[in-house]
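# Tertiary structure, described
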Amino acid sequence: MHIIHVASELAPIAKAGGLGDVVYGLSKELAKQGHQVEIIIPKYDCIDFSLVKNLKVEFRELWSYDGPYRFNNTIWSGNVDGLKVILIEPHHPDYFFSRGMIYGCSDDINRFAYFSRAVMEYLFKSGKHPDALHVHDWPTALIPVLYREMYMALGYRLGKTVLTIHNMEHQGRCTAAQLSRIGLRGDSYVTPGTMQDPVYDTLINLMKGGIEFADQITTVSPNYEKEILTEAGGFKLEDVLVKHKKKLKGILNGIDETFWNPLTDHYIAHKYDTHGVDTKEKLAMVLEGKKENRRFLRSHLQLQDSNRPLVAVVSRLVPQKGPELIKHALTHSIEKGAQFILLGSTPMVEIHLEFEELQKKYKDDPNVVILMDKDEALAHLIYASADMFVIPSIFEPCGLTQLISLRYGTVPIVRSTGGLADTVFDIETSSKPMKERNGFSFDFPDAEGVDLAIDRALHCFQHEPKQWHMLMQNGMKKDYSWKRAGLEYLEIYKPIKEIPVKSKPSRKSLIPS
Ligand code: ADP
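We now turn to the structure provided with this report. Keep in mind that what you see is a predicted model, and the values were worked out from it rather than measured.

## Description of the sheet that holds strand E12 (residues 310–316)
Within the open sheet, the 6 strands sit side by side as E14-E13-E12-E15-E16-E17. Their pairing is parallel. Strands with a single pairing partner mark the edges of an open sheet, and in this sheet they are strand E14 (368–372) and strand E17 (440–442). Neighbour-to-neighbour, the strand axes of this sheet turn through a mean angle of 15 degrees, independent of strand direction. In this structure, strand E13 (residues 339–345) lies alongside E14, joined through 5 bridges in parallel fashion. Residue pairing in the sheet places isoleucine 341 in a bridge with valine 369 of E14. In the packing of helix H11 (residues 349–361) onto the sheet, the strands contacted are E13 and E14, and the crossing angle to E14 comes to about 150 degrees. In this fold helix H12 (residues 376–385) packs onto E12, E13, E14 and strand E15 (388–391), with an angle of close to 145 degrees to the strand it touches most, E12.

Okay, here's the thing in structure tokens:
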């Protein structure tokens, strides 16, 4: 099959969060299974170009549209870890992708709407007809709309359009005039059956456009699929999703097994092998490997070298992730005699200031490190070193950090929501068999829930080593690779089966012979 992903992120060259990991991991799996995969992203100036091999100009001239104006774009191609990547560089006076960032500009809608139209022009002009054109979240959700409403009329055809919803909270709202800028008649899409926003009825909602116009919709875990069909998780698009329920499927994300593998991870100080970890000897080697990494991390971050359990958080600090509960987890863990490392970054000034306050409060505490940064290498080292990892999310479509933690033998403590509920099974309360239980969870996102889960985890760590090791082993044994999800996506990409139309009996046959 020929599959083209169009996205706003691609790990590791342009990653803001899990979306970038998913596009990378899924593409690698599909390529491994022998499919032809291409990924189209904007040519951001903040791309790590050292990771793009064989970068060259594919088309020097590709004209696209913004209102009544035409702008040229340079189309680049390159190779990231064996994956073919197409980068679109607009020559537009607004320098859409030369802002040193992926998201966070006041004109984000215009940036990604322009990109979406340029992608369709590129596909049309280059004569590519993929079996599946796979788009991700609101930044590229306009593509199925453009395909159906503009490019099909021009005679262009591809197999299927697929929209993956990574996060329902962000939907891309704009005015009809903004939609008109890319060549659609904005006014005519402010209707309930097309792109009218369910809350602000004069506005356009790009995610809704993707839901209405894509051939298939997926989301990133089976539990999140259920949640977004309800008022509590649908962010007002639940009715539209219910209407299109037949084309919606939740597919649990995987993690890339080479990028996230403690045996080969070049970011960590001491490699360790988690395969066949059922035996005592193998477990002892894992424990030793983690201990060595912990020692290195402690000295690197000037944490006290001690036997205290090491509790960690690596997260974007945004309301979805429960920043108040993260702060609470930190203070509570410290009170209970643990050490705590927080690696977090946030685009929100008030949250940044709050965590800076916390940083000041604990600056002389040898058992706390708070780093307000985005640091891939340090994140890997934390997964490899920590004993436990806290994720108190308010909602979590899939969550990758719990999967990475499990892979690295770090026991997750999570709020049971979205994909966290699909992947973390509490040692006491889960209905899963004991051999699948791998962590601690709590139901309500409040301080009490966090406290109780952390207390149970610390108790188990300190007083029930056998149980603790069982949790670690259960986590490490499970396959979180993209293999299973890759196969599920291939089912989604398959052509829609034509239902044979029963031919009407001809008049002749009605005449008795
Ligand atoms: P989301 O996409 O909502 O941010 P996920 O759990 O799906 O959450 O994915 C988060 C990804 O981003 C993981 O790969 C995690 O390691 C990484 N990450 C989050 N915060 C940081 C940070 N401050 N530094 C480095 N990596 C981070």
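## Considerations on the packing of aromatic side chains
Centre-to-centre distance and the angle between the planes together describe a pair of aromatic rings. For the coordinates displayed, the defined rule picks out 22 aromatic pairs. Aromatic side chains tryptophan 260 and tyrosine 383 sit 5.5 Å apart centroid to centroid with 85 degrees between the ring planes, which places their arrangement in the edge-to-face category. With tryptophan 260 in the loop between strand E11 (248–250) and helix H9 (280–300) and tyrosine 383 in helix H12, the pair connects residues that are 123 residues apart, well separated along the chain. Here tryptophan 260 matches tyrosine 383 in class, with each residue buried. Members of the aromatic cluster, each reached through a chain of ring pairs, are Tyr44, Phe96, Phe97, Tyr103, Phe112, Tyr114, Phe115 and Trp138.

## Regarding the pairing of strand E2 (residues 36–42)
Among the 7 residues that make up E2, 6 are buried, leaving the element largely enclosed by the rest of the structure. Judged from the 5 bridges that link them, strand E1 (residues 2–6) and E2 form a sheet pairing that is parallel. When the bridges of E2 are listed, histidine 2 appears paired with glutamine 36. Once you follow E1 into helix H1 (residues 18–32) and on to E2, the crossover reads as right-handed. Bridge count between E2 and strand E5 (residues 83–90): 5 bridges; the pairing is parallel. In the strand pairing of E5, isoleucine 40 is matched with isoleucine 86.

## Focus: the site of the ligand
Surrounding the ligand, one finds 21 residues, the nearest of these being Gly18, Arg316, Lys321, Asp373 and Tyr383. Between the ligand and aspartate 373, the relevant distance is 2.8 Å, taken from a nitrogen atom to a main-chain nitrogen or oxygen of the residue. Residue aspartate 375 places a main-chain N or O atom 3.0 Å away from a nitrogen atom belonging to the ligand. If the ligand stood free it would expose 570 Å²; the protein chains cover 93% of that surface. Residue assignment for the shell around the ligand shows that the elements contributing at least two residues are H1, E12, E13, H12 and helix H13 (401–407). Classifying every residue of the shell around the ligand gives 7 nonpolar, 7 polar and 7 charged.

## So, the side chain of arginine 437
Of note, arginine 437 is situated in the loop between helix H14 (418–423) and E17. Aspartate 426 provides the closest opposite charge to the buried, salt-bridge-free arginine 437, at an N-O distance of 6.6 Å. At 3.0 Å, the side chain of arginine 437 and the backbone oxygen of isoleucine 427 are in polar contact. The residues contacting arginine 437, other than those within four sequence positions of it, are Phe425, Asp426, Ile427, Glu428, Ser430, Ser431, Lys432, Leu471 and Asn474.

## What to know about H11
The first and last C-alpha atoms of H11 sit 19 Å apart over 13 residues, in line with the 18 Å expected at 1.5 Å per residue. Within H11, the full set of buried residues consists of Ile351, Phe355 and Leu358. All buried residues of H11 project into a common sector of 50 degrees when viewed along the axis, lining one side. In H11, the exposed residues that point more than 90 degrees away from the buried face are Val349 and Lys360. Lining the buried residues of H11 we find helix H10 (323–335), E13 and E14.

## Quick notes on the packing of helix H2 (residues 108–126) against helix H4 (residues 142–151)
Two elements in contact, H2 and H4, have axes separated by 10 Å at closest approach and are oriented at 50 degrees. The orientation of H2 with respect to H4, classified from their angle, is oblique. In the crossing of H2 with H4, the sense of the turn from one axis to the other is right-handed. Contact with H2, carried on its side by Ala113, Ser116, Arg117, Val119, Met120, Glu121 and Phe124, involves Leu142, Ile143, Leu146, Tyr147, Met150 and Tyr151 of H4 and no other residues of that element. Split into classes, the residues belonging to the contact of H2 with H4 amount to 10 nonpolar, 1 polar and 2 charged.

Cut-offs used in this document
- Residues numbered from 1 in each chain as written.
- Predicted model: local features only at pLDDT ≥ 70, side-chain atom pairs only at ≥ 80, totals over all residues.
- Heavy atoms only, no water.
- Pairing = 2+ DSSP bridges.
- Helix = DSSP H or I, 4+ residues; strand = E, 2+ residues; numbered from the N terminus.
- Axes fitted to C-alpha atoms, helices over the stretch in contact; angles between N-to-C directions.
- Contact = heavy atoms within 4.5 Å.
- Phe/Tyr/Trp six-rings, centres within 6.5 Å; stacked < 30°, edge-to-face > 60°.
- Buried < 20%, exposed > 50% of the residue type's maximum accessible area, 1.4 Å probe, protein only.
- Right-handed = clockwise from strand over helix to strand, strands pointing away.
- Near = heavy atom within 4 Å.
- Polar contact = N/O pair within 3.5 Å; in protein donor to acceptor, adjacent residues only side chain to side chain.
- Areas by Shrake-Rupley, 256 points an atom, 1.4 Å probe, with all protein chains shown as cover.
- Nonpolar A, V, L, I, M, F, W, Y, C, P; charged D, E, K, R; others polar.
- Lys, Arg positive; Asp, Glu negative; His and termini not counted.
- Salt bridge = Lys/Arg side-chain N within 4 Å of Asp/Glu carboxyl O.
- Expected span 1.5 Å × (residues − 1).
- Arc of directions from axis to C-beta.
- Parallel < 35°, antiparallel > 145°, perpendicular 65-115°, else oblique.
- Left-handed = near helix turned anticlockwise from the far one by under 90°.

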